[in-house]
Amino acid sequence: MLPKMPSSQWISASLVVVLLSLHAGVNAFYLPGTFMHTYTPGETISAKVNSLTSIETELPFSYYSLPYCKPPEGVKKSAENLGEILMGDQIDNSPYRFRVNMNESVYLCTTDPLTKEQAELLKKRARDLYQVNMVLDNLPVMRFTEQNGVTIQWTGFPVGYNPMGSNEDYIINHLKFKVLVHQYQAHGDVVITSEDGVAMVESDRKSGYQIVGFEVVPCSVRRDPEAMSKLKMYDKAESVNCPLELEKSQAIRENERITFTYEIEYVKSNIRWPSRWDAYLKMDGAKVHWFSIMNSMMVVFFLAGIVFVIFLRTVRRDLTRYEEMDKEAQAQMNEELSGWKLVVGDVFREPCCSKLLCVMVADGIQITGMAVVTIVFAALGFLSPASRGMLLTGMIILYLFLGIIAGYGGVRVWRTIKGTSEGWKSVAWLTSCFFPGIVFVILTVLNSILWGKKSTGALPISLFFTLLALWFCISVPLTLIGGLLGTRAASIEYPVRTNQIPREIPERKFPSWLLVLGAGTLPFGTLFIELFFILSSIWLGRFYYVFGFLFIVLFLLVIVCGEVSLVLTYMHLCVEDWKWWWKAFFASGSVAFYVFLYSINYLVFDLRSLSGPVSATLYLGYSLIMALAIMLSTGAIGFLLSFYFVHYLFSSVKID
């Protein structure tokens, strides 16, 4: 009996079966890191440990920076992908050994007497709410707590705790693990889906146990260090319940010896292996996501109504009436023109800082393409959290290769504005360096802070050179190739001629930038709810996997950005303001201003536990990068749609 799968996964599974049936000698198909493991009873599995993390500091540290027991074979780092390194992950082996389907209570080690520095560091990590992140068979350890009668799910367990009313800090030194296993019976060839949603054909699979859940109850237990130190690692230890009395808990003190032990209990479960991540990925608040979408659709329909009025009732009516007149009447009307028709000789006049505009539009196209492709792949299940760091790695690779589109778009806009290809190389070069250069500078500053704190979140020098090599060896050449293709594409001709003397723009009571800045509130209204969930997943260690909702919100955001920029451009033309280029860009791009303000609001009201100027600086630095990317993306969308609107509008006017 096969587990239930979504229709998209059935389709992919069917395709794999058809393809593999063409090759008689094939035995299995799987992706590295997603293969389903079936263990025999008594088989040994070693847990791994990731960096220590905290929602108070956002500074990850190595697990072995604290005086924990080390594996007998020594500490060995696991291979990490680019995304894991950028996220500050440092996955090491651990001494925690699990023998499949064997309940046991195990002694690990007793530390040497804690030095003053070790004791102070343990206390600091406990008070800063640092969590130990352990992984077994690619599943993060999970714990449950009760708060106000509500069960809350957490990943990881605390380094220690400081009870209210006590001056002592206590360390978690005894772990009660519960491993959920599914008993698997082999029945010939089967089709399953991996954790990444990829269909796999399995044959000759052995019967045994599959790990489908990993839970822990952390305890602090005071033991006699003299008696326990006589035991060897993995000897049997006495099973204990978590003590409620502080006298029986292990305090963190100088010269104190700490004993580490753990218990394992295996529980049979009906959860199947492809569904074992469901407990981590389920997110409450589906109704909130639907509310966000409905709210966005209301904004879309409201703006669509305005656009409909502009096109069909105003613009089309004027054009139809104009075309029905004879030549004499047209000449008389030309003298009595008003509104947007007055700027016909200036509307395509070159804007100030035109090269910068082309570069920002090009980078916006590149970022938008990266976001759309990434979200589509994630929504289809190809970028699962089971593959740590793959989402970020995929985004970086996509951004590098989409440089060819950015180069093409930037040079095409440059040729349209200038009427010539001269200077296209500098446009393509600046396109490849503008956004990555700003990000590189910000990351360098933040990285120097992390280096000073000796955090595992600090990028190694070797990775900096790797990123620079990827940048200059892939992104820059592809951007230049795209620019070359842009010079050979058909040029976009202006429908009207530009006057030699620019027309004076009438004075207004209020500056136009107020209208441009206010326009960003409409796109922000379509994404602020989803933004809350994204920020929570980044800074509070929660999983975000509702990419279907995110794709719908992104689609609506693109529509709203286009509509807002189009309406605002038309309003500026109606008041004889022909300097619409930058205003069209920032009409939708100003949403980034509100995103950054919301990030500050989230820091103040939702990350109240975040402590220290270092943590706040890191948060604001990463938020600035996010806001800049959103500004370029939404600004490019608004500008391109406004340009085609203006081009269409004035191509219909026959005024000399």
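Residues numbered from 1 in each chain as written. Predicted model: local features only at pLDDT ≥ 70, side-chain atom pairs only at ≥ 80, totals over all residues. Heavy atoms only, no water.

## Comments concerning the overall build of the protein chain
Of regular secondary structure, the protein chain possesses 18 helices and 16 strands. Here the protein chain holds 656 residues, and the buried ones make up 51% of them. Across the protein chain, every contact between residues at least 6 apart in sequence was considered, and the portion connecting residues at least 24 apart equals 83%. If you sum the accessible surface of the protein chain, you get close to 31600 Å²; carbon and sulfur atoms cover 62% of it. (Helix = DSSP H or I, 4+ residues; strand = E, 2+ residues; numbered from the N terminus. Buried < 20%, exposed > 50% of the residue type's maximum accessible area, 1.4 Å probe, protein only. Contact = heavy atoms within 4.5 Å. Areas by Shrake-Rupley, 256 points an atom, 1.4 Å probe, with all protein chains shown as cover.)

## A closer look at the nonpolar core
Note on soluble globular proteins: their nonpolar side chains tend to be buried together. Counting residues in hydrophobic clusters, the biggest one holds 144 residues, and the most contacted among them are Tyr 96, Phe 98, Met 134, Phe 177, Phe 214 and Phe 650. When residues no more than four places from it in sequence are discounted, the contact partners of Phe 177 are Tyr 96, Phe 98, Met 134, Val 141, Phe 214, Glu 215, Val 216, Tyr 262, Glu 263, Ile 264 and Glu 265. (Core = buried A, V, L, I, M, F, W, Y, C linked by side-chain atoms within 4.5 Å.)

## Quick word on the pattern of salt bridges
Under the counting rule described, the total for this entry stands at 15 salt bridges. Two residues, Asp 92 and Lys 77, come together in a salt bridge whose shortest N-O distance is 3.9 Å. Of this pair, Asp 92 sits in strand 2 (residues 92-99) while Lys 77 sits in the loop between strand 1 (44-49) and helix 2 (82-86), placing them 15 residues apart in sequence. Between Arg 503 and Glu 576 there is a salt bridge; the shortest N-O distance is 3.3 Å. You can see Arg 503 sitting in the loop between helix 12 (461-488) and helix 13 (512-519) and its partner Glu 576 sitting in the loop between helix 15 (547-574) and helix 16 (581-589), a full 73 residues away along the chain. With a relative accessible area of 30%, Arg 503 lands in the partly exposed category. In this structure Glu 576 comes out as buried when scored by relative accessible area, which is 18%. When salt bridges that share partners are traced, they join Glu 168, Arg 222, Arg 253 and Glu 256 into one network. (Salt bridge = Lys/Arg side-chain N within 4 Å of Asp/Glu carboxyl O.)

## Comments concerning the side chain of Thr 456
Take Thr 456: it is sitting in the loop between helix 11 (424-452) and helix 12. On the accessibility criterion, Thr 456 (13% relative accessible area) is buried. Here the side chain of Thr 456 touches Ser 51 through a polar contact of 3.2 Å, side chain to side chain. Setting aside residues up to four positions removed in sequence, Thr 456 forms contacts with Ser 51, Pro 60, Phe 61, Ser 62, Gly 88 and Gln 90. (Polar contact = N/O pair within 3.5 Å; in protein donor to acceptor, adjacent residues only side chain to side chain.)

## Describing the environment of Val 496
By secondary structure assignment, the location of Val 496 is in the loop between helix 12 and helix 13. For Val 496, a relative accessible area of 10% translates into the label buried. Each C-alpha atom, one on Val 496 and one on Val 344, is 7.0 Å from the other, the two residues being 152 residues apart in sequence.

## What to know about the state of the cysteines
Tallied over the entire structure, the rule returns 2 disulfides. Each sulfur in the disulfide pair Cys 69 and Cys 109 lies 1.8 Å from the other. Taking the torsion about the sulfur-sulfur bond, which here is approximately -85°, the covalent link between Cys 69 and Cys 109 counts as left-handed. Taken as a pair, Cys 69 in the loop between strand 1 and helix 2 and Cys 109 in strand 3 (residues 104-110) lie far apart in primary sequence, 40 residues in all. Given the relative accessible area of 4%, Cys 69 is considered buried. Residue Cys 109 is classed as buried on the basis of its relative accessible area of 16%. (Disulfide = S-S within 2.5 Å.)

Just distances and angles here, no functional claims.
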